[in-house]
Amino acid sequence: MTDTLPDSYRPDQVEAKWRARWAERGTNQPDLDRAARPFYNLMMFPYPSAEGLHVGNMFAFTGSDVYGRFKRLQGYDVFEPIGYDAFGIHSENYAIKVGLHPAELIPRNIANFRRQLERVGGMFDWSHTLSTTDPAYYKWTQWIFLQLLKAGKAYKKKAAVNWCPFDKTVLANEQVVDGKCERCGTAVEQRDLEQWFFRITEYCDRLLANLDTLDWSDTTRTAQRNWLGRSEGAEISFEVVGSRAGGQAGQPLNRPTDCPPITVFTTRPDTLFGATFMVLAPEHPLVAQLTAPAQAIGVRAYIEAAASKDLVARKVGDREKTGIALGATAINPVTGREIPVWIADYVLMEYGTGAIMAVPAHDERDFEFARKYGLEILRVLAPDSRTISPVSSVLSAAETETDGYVLVNSGRFDGFSADAAKRSITAELAAKGQGKPVVQFRLHDWCISRQRYWGPPIPVIYCDACGPVPVPEKDLPVILPPIEDFRPDDSGISPLARHEEWYFVPCPTCGKRSRRETDVSDTFLDSAWYYLRYPSSEFDDVPFDPARTRKWCPVTTYIGGNEHAVLHLLYSRFLAMVLKDLGHIDFEEPFTRFRAHGLIVKDGSKMSKSRGNVVIPDEYIAQWGADTFRLYLMFLGPFQEGGDFRDAGISGPRRFLERVWLMVNEVEEGGELHKPLVVRWHATKKKAAEDIEALHYNTAIASLMELVNAMKEAGSRDRSIVADLVVMLAPFAPHFAEECWERLGHTTSVSDAHWPAWDERLVVSDEIEMPVQIGGKTRGRIQLARGSDEATAVALAQAEVGVKRFLDGKTIRKVIFVQDRLLNLVVD
RNA sequence: GCGACCGUGGCGGAAUUGGUAUACGCGCCAGACUUAGGAUCUGGUCCCGCAAGGGGUGUCGGUUCGAGUCCGACCGGUCGCACCA
């Protein structure tokens, strides 16, 4: 056990020694049941790719680890787990590409990840690791699905989905970028499939309201707010005229029919007088009834063309608007005028009611459409009601900047402000039963179905007699069968359906031969609850033990990438709310504090395989050691902003460690310390602590370097200072600090030391060198006692050389004195 | 298009409430020690100028005794979202 290392700093030996000791001693395993001050330090678990951890992962994990180690030095019982988000399309596609089975690849990748994670010195509790692909884990993912199903929060419906013909699977809207599959770049189509959904939209209000209570970075909260997309407005009903009920031919136009009114959602009920036509989404259920016979052929062709596009292509904003009139008219409820009804694919069935009232004068899209098809444009907002002629003014573009405008061409509402008109018009419509105030969200229900292999099977059985039957909890997990032919085909049926022994099962209710659900669930479901599993990972009879969960959850601090600011974090929040409502947990916000880290770039551009600038950390760690590598990553830029990885920079942190190493090995006892060094010492203890708490690791490290520089300058290797330095370095360079700590005579781990206390009276010196400015320009300096207010007198008496000549022939008009900061003499 | 953020030496980056611009590190220059150094140590390093001094934080303007910091306009960049009615 007394591994004697040479006097020169040999990172490879030091790090190997301490890795072994930590494992032997269980240094990084808090007692989860008895911890007095639990601190759950979570980082986003990685997808275990075949390439191994890249520098970006290392940066993120190290930054989180530094924070966890710091909290431990502050006396917390820090639980810092790590695991693997190993299910999902990414693994499956890679497996297909290299012709191996994911079940074979993933364990191999995980082993490699673990080796790297240990090598870099993370304070991970390996006794509580997990992989989402482990049946002991996904058993509970399936259990969660069943709880939602039981509670009516999961449902199945046929829905238009994005279909990637290459990956042969459904994609979430978020996975489609510019009409293309985010993974493979193939153009996405639209298909109708039966899908499982979670009712996240029921939680919109809570998801939004709680944001104000969270200690999260503003950018992340803003992103979530935008994603939820709350807007206030009104639903308005338009009676239909001149349509043909049931699409039958031969009835005269222009007479009321039994067609129900068209309901639209608008945020601008104040512009209702300017609604000169209506537009429905091509999929709108009333389209068939509203289509006049003369238009039937054209309308059908238009609908088919729209359906052949993917859902995202429909949403690309700069596309030219197209549409077709249905040959029906509706009645504007406030003007009584008949306005034509059109369909156009710029109106989306998924938002609002799938129908809009078009106000071309004040909406760019409607304006463009009206221009193209020669529809009436009627201005209803103007700077002043008297300056605008009552007839429609000619506009060259939609007038959308209408702050402070008032209504015109709006009958009895002329002169109303937009806000007043919104209220009044909505109220009037409501009184007539033709409208009501409505709040809309942009968020849709969460589609969790994936027609894929590599995921947890959704635990449902379809029986011809009993219908869909949930798999009984005692039968969980529904094991993902180890089939060889896991490739998806374009049938839209999961590969699992081809596996007959698995596919056909007796109905749990009646025992008849039935079929399993063959869709697997979204990877985001795996990751939406993993934080609950870590503290309880050794329990196999419950997903999360109540006592453990109460002690450790919610997560104290969560650090991760902003790319998950919306989906992962939103889904996790939603699931926590559901689990709380169902009585499984007693909190509804899973992550008390969230911070997003920055991105590491290489030579100014994002690292990517295609650019060929991906940095493999292993080589750097081998050459420089994990401690130097960690220190460098944390020093190269602000953690929350990321930075540029450049080879040259890494030698600085290494030299710094070498210097500290020398000090430790030549440490001196006792001796008197010069005041400036004492001040620097105490100031560093304070500043480094504050900086680490704020995740300003780069400046924390800089302050430690300054302390070392000050010691060198003073020729001091004082034992107390060196010991404090070692402790403060421990979060960044843990193996190094352990070795130094031992050499200083300690037998316990440096991670069980305490962050050095500072004396608040000693963090600033009592002598100040104060700048003296004349007219705002620094002309000299004076020595002054802290707290002194005699700067002016001192400056005039003491600073002849530097200051006086600037005062010759001038009058001092004003004296600006900021205590302990500066003196500014304003002259004429 | 909308939203958020950001422009500081040769480079990565520091700068409490507006208060000595460029901390810390890299690189570079000079010197020392060396058979040697791409090791180590010492000193220097925003620009112009011998100096006194002057200029300087993307550009232009404003507020202020004082602006990297606040306000307005513009230029450039990064990241989200994107026909959301």
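Residues numbered from 1 in each chain as written. Chains lettered and ligands numbered in written order. Predicted model: local features only at pLDDT ≥ 70, side-chain atom pairs only at ≥ 80, totals over all residues. Heavy atoms only, no water.

Let's talk about the pairing of strand β11 (residues 231-241)
Rules: For every residue, the accessible area (1.4 Å probe, protein chains only) is compared with the maximum for its type, and the residue is labelled buried under 20%, exposed over 50%, or partly exposed between those bounds. Think of it this way: any DSSP run of H or I at least four residues long counts as a helix, any run of E at least two long counts as a strand, and we number them from the N terminus. When DSSP locates at least two bridges between a pair of strands, those strands are taken to pair.
Of all the 11 residues making up β11, nine are buried; the element is thus mostly covered by neighbouring parts of the structure. For β11 and strand β19 (residues 435-440), the ladder comprises six bridges, and the chain directions are antiparallel. In the sheet register, Glu 232 faces β19, and the bridge partner there is Val 439. Sheet analysis places β11 next to strand β12 (residues 262-266), joined by five bridges and oriented antiparallel. Pairing of Glu 235 across the sheet is with Phe 265, part of β12. Of the pairings in the sheet, the one linking β11 to strand β14 (residues 323-331) comprises three bridges and is antiparallel in character. The partner of Val 240 across the bridge, within β14, is Ala 330.

Comments concerning the sheet that holds strand β27 (residues 557-561)
Taken in spatial order, the five strands of this open sheet run β2-β1-β27-β28-β10, and their pairing is parallel. Pairing within the sheet leaves two strands with one partner each, and these edge strands are β2 (77-79) and β10 (215-216). Bridge count between strand β1 (residues 38-43) and β2: three bridges; the pairing is parallel. Following the sheet pairing, Phe 39 is matched in β2 by Val 78.

Topic: the environment of Ser 536
Where we set the bar: Note on definitions: a residue-residue contact is assigned when non-hydrogen atoms from the two residues lie within 4.5 Å.
For Ser 536, the position within the fold is in the loop between α14 (530-533) and α15 (546-552). For Ser 536, a relative accessible area of 0% gives the class buried. Placed 229 residues apart in sequence, Ser 536 and Ala 307 show a C-alpha to C-alpha distance of 47 Å. Discounting residues that sit within four places of it in the chain, Ser 536 has contacts with Pro 543, Phe 544, Asp 545, Arg 548 and Thr 549.

Some words on the side chain of Thr 62
Looking at the secondary structure, you find Thr 62 in helix α2 (residues 55-73). Residue classification places Thr 62 among the buried positions, given a relative accessible area of 2%.

Topic: the pairing of strand β9 (residues 189-198)
Here strand β5 (residues 154-164) pairs with β9 via 10 bridges, running antiparallel. Bridged to Lys 157 within β9 is Gln 195. Relative to strand β20 (residues 446-447), β9 is paired through two bridges, and the arrangement is antiparallel. From the neighbouring strand, Phe 197 faces β20, where its bridge partner is Cys 447.

A look at the pattern of salt bridges
Rule in force here: Note on definitions: salt bridges are taken to be side-chain nitrogens of Lys or Arg within 4 Å of carboxyl oxygens of Asp or Glu.
In the structure shown here, the tally under the stated rule is 50 salt bridges. Residues Glu 742 and Arg 21 are paired through a salt bridge, measuring 2.7 Å at the closest nitrogen-oxygen approach. In this pair, Glu 742 sits in helix α23 (residues 734-743) while Arg 21 sits in helix α1 (residues 11-25), placing the two residues 721 residues apart along the sequence. A salt bridge links Glu 658 to Arg 654, with the nearest nitrogen and oxygen atoms 3.0 Å apart. Here Arg 654 and Glu 658 lie together in helix α19 (residues 651-665), a separation of four residues that amounts to about one turn. When its relative accessible area of 28% is taken as the criterion, Glu 658 is described as partly exposed. Taken together, the shared-partner salt bridges connect Asp 7, Lys 17, Arg 21, Glu 739, Glu 742 and Arg 743 into one network.

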